[in-house]
Amino acid sequence: MSLPGGRTDMKPKAKTVFLASTVTLFALSLICYPQQSLEASIRGLNMWWEVVFPSLLPFFIVSELLISFGVVNLLGVLLEPLMRPLFRVPGVGGFVWAMGMASGYPSGAKLTARLYQEKQISTIEAERLASFTNSSNPLFIFGAVSVGFFHNPNLGIILALSHYIGNICVGMIMRFHGKSQEKGKQKRPSHLFSFPYAFRVLHETRLKNEQPLGKLLGDAVRSSVQTLLMIGGFIILFSVINKLLYMMHITEYISFIFQHILHLFQLPKELSIPMISGLFEITLGSQMISQTDKAELLEKAIATSFILAFGGFSVQAQVASILAEANIRFKPFFIARIMHGCFAACFTYILWKPLYVHPADGNMRVIPTFLIERSPSWINHYWELLHQFGPIITIVFLCLYIWLTAAQWQKKVIE
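Residues numbered from 1 in each chain as written. Predicted model: local features only at pLDDT ≥ 70, side-chain atom pairs only at ≥ 80, totals over all residues. Heavy atoms only, no water.

Under an unreviewed UniProt entry, the name given to the chain is Sporulation integral membrane protein YlbJ, and the source organism is Parageobacillus toebii NBRC 107807.

As structure tokens, then:
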């Protein structure tokens, strides 16, 4: 594009040079540090192989089937009186919200994109919904972070409450997003809470989808595995990037700037490098924070809450890819993640004394005894089972995915 005076717009050219230089630098760093890159790749692969794939796959498959059978439409009618006033999204957003909290990143984005593609929500509603329905699942917060890294089950309750309360606050703020763009547009009809109408919607949706159960199940498995393969690629990629940044001492230079930011919030400078790592990949960042010696437990909890809510660039890249396929903007989601990180960190500080310090001193019992003594044990047991049998589940469903894809390709060739 030409500008006055014959000058050309330099912005696209600068972007091209920046992207080309970045990719070239990444390729050269892979050549310079092959051993470290391989170790980082294996670490990311193990995380996806043992935990991410087997834990997310059931939720993805069930979600696809619930949408196909019309159960989501039924829940949409029943949850309309709650979701519309609070978050200014249709009732079907309640299903996305619940599944996002139960299964973790990036389920909320995947289900949001699916509902948008089926025209059950508008563009603005999709951006609002994606902003607060993506969160860490309880298994990761309790099993991996609190028990696995910090060896402190009680810490998981603080992190989980701060995380989910912060997400609710983000949703209530994002309800104002795109308000001006909705003016003058025809609003979608909303229905009162009605069981008969909800079941009628369920029945009509099922009748519209005349595909046999086997076809629906096969499509659900194929779509879910395809999404999880993309997620695995991003996990491995950002695990390598994080390691290469550390090897090239770029993380150290960034940490000097980050130390001033931490100083403003009275956090020790020793948390700078772990938090930078957490901004790229939350698992590694949480582990490094837990191993920081020159920081108190409260300071570690605040830092961990922030990176869990921010999600890391690895998760955000996964979400960006999913949203881009549905032509949903990523910018509102990114802004929401910053807000979520700030909210979660603040709530961790606020809830620390009433929910962690006081019960430990025996002055009060805010948390029920069974929640403290029993829940971490079964969560830890489930986490160990996931590591033990996760690879087997992954292999089985990858083989099933290959078989379904080959069968579909063969059918197209015959036709």
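Description of the overall build of the chain
The number of helices and strands found in the chain is 18 helices and zero strands. Out of the 415 residues in the chain, the part that is buried amounts to 48%. Excluding contacts between residues fewer than 6 apart, the proportion of contacts in the chain whose partners are at least 24 apart in sequence is 77%. (Helix = DSSP H or I, 4+ residues; strand = E, 2+ residues; numbered from the N terminus. Buried < 20%, exposed > 50% of the residue type's maximum accessible area, 1.4 Å probe, protein only. Contact = heavy atoms within 4.5 Å.)

Some words on the packing of helix 1 (residues 11-32) against helix 10 (residues 213-247)
Remark: helix 1 packs on helix 10, axes separated minimally by 11 Å, with the N-to-C direction vectors making an angle of 75°. By the angle between their axes, helix 1 is roughly perpendicular relative to helix 10. Contacts between helix 1 and helix 10 involve Phe26, Ser29 and Leu30 from the first element and Leu237, Val240, Ile241 and Leu244 from the second. Class assignment of the residues belonging to the contact of helix 1 with helix 10 gives a composition of six nonpolar, one polar and no charged. (Axes fitted to C-alpha atoms, helices over the stretch in contact; angles between N-to-C directions. Parallel < 35°, antiparallel > 145°, perpendicular 65-115°, else oblique. Nonpolar A, V, L, I, M, F, W, Y, C, P; charged D, E, K, R; others polar.)

Here's the deal with the side chain of Ser272
Positionally, Ser272 belongs in helix 12 (residues 272-280). Look at Ser272 and you get buried, because its relative accessible area is 3%. Looking at Ser272, its side chain comes within polar contact range of the main-chain oxygen of Lys269, at 2.8 Å. The residues touching Ser272, leaving out its near neighbours within four places in the chain, are Ser255, Phe258, Gln259 and Leu262. (Polar contact = N/O pair within 3.5 Å; in protein donor to acceptor, adjacent residues only side chain to side chain.)

Re the pattern of salt bridges
Considering all chains together, one arrives at nine salt bridges under this definition. In this structure, the salt-bridge partner of Glu64 is Lys110, at a minimum N-O distance of 3.3 Å. With a gap of 46 residues between them, Glu64 in helix 2 (residues 34-68) and Lys110 in helix 5 (residues 107-117) connect regions that are remote in the sequence. Each member of the pair, Glu64 as well as Lys110, carries the same accessibility label: buried. (Salt bridge = Lys/Arg side-chain N within 4 Å of Asp/Glu carboxyl O.)

Here's the deal with the nonpolar core
Counting 93 residues, the largest nonpolar core has Phe132, Leu228 and Met275 as its most contacted members. Ranked by the residues each element gives to this core, the list is headed by helix 2, at eleven residues. Not counting the four nearest positions on each side in its chain, Met275 is found in contact with Phe258, Leu262, Ile289, Ala303, Phe306 and Ile307. Counting five residues, the second largest nonpolar core, distinct from the first, contains Val77, Leu78, Ala198 and Val201. (Core = buried A, V, L, I, M, F, W, Y, C linked by side-chain atoms within 4.5 Å.)

Considerations on the environment of Met288
Following the sequence through the fold, Met288 ends up in helix 13 (residues 282-290). Accessibility expressed as a relative area gives 23% for Met288, which makes it partly exposed. Along the primary structure Met288 and Gly278 are separated by ten residues, whereas in three dimensions their C-alpha atoms are 8.3 Å apart. Sequence-distant contacts of Met288, that is, excluding residues within four places in its chain, are made with Ile273, Pro274 and Ser277.

Here we look at the packing of aromatic side chains
One pass over the full model with this rule turns up eleven aromatic pairs. On the basis of an interplanar angle of 75° and a centroid distance of 5.2 Å, the ring pair of Phe280 and Phe313 is categorised as edge-to-face. In this pair, Phe280 is assigned in helix 12 and Phe313 in helix 15 (residues 312-325), connecting sequence segments 33 residues apart. Ring geometry for Phe310 versus Phe334: centroids 6.2 Å apart, planes at 75°, classification edge-to-face. Residue Phe310 is located in helix 14 (residues 297-310), and its partner Phe334 is located in helix 16 (residues 331-361); the two are separated by 24 residues in the primary sequence. Of the residues examined, Phe310 reaches a relative accessible area of 5% and is grouped as buried. The partly exposed category is assigned to Phe334, whose relative accessible area is 29%. (Phe/Tyr/Trp six-rings, centres within 6.5 Å; stacked < 30°, edge-to-face > 60°.)

Digging into the environment of Phe330
Within the secondary structure, Phe330 is located in the loop between helix 15 and helix 16. Spatially, the C-alpha atoms of Phe330 and Ala317 are 9.6 Å apart, while their sequence positions differ by 13 residues.

Some points on helix 15
Across its 14 residues, helix 15 extends 21 Å between first and last C-alpha, which sits within 8% of the 20 Å expected from 1.5 Å per residue. Following helix 15 by one or two positions, Asn327 adopts a phi angle in the positive range, close to 60°. (Expected span 1.5 Å × (residues − 1).)

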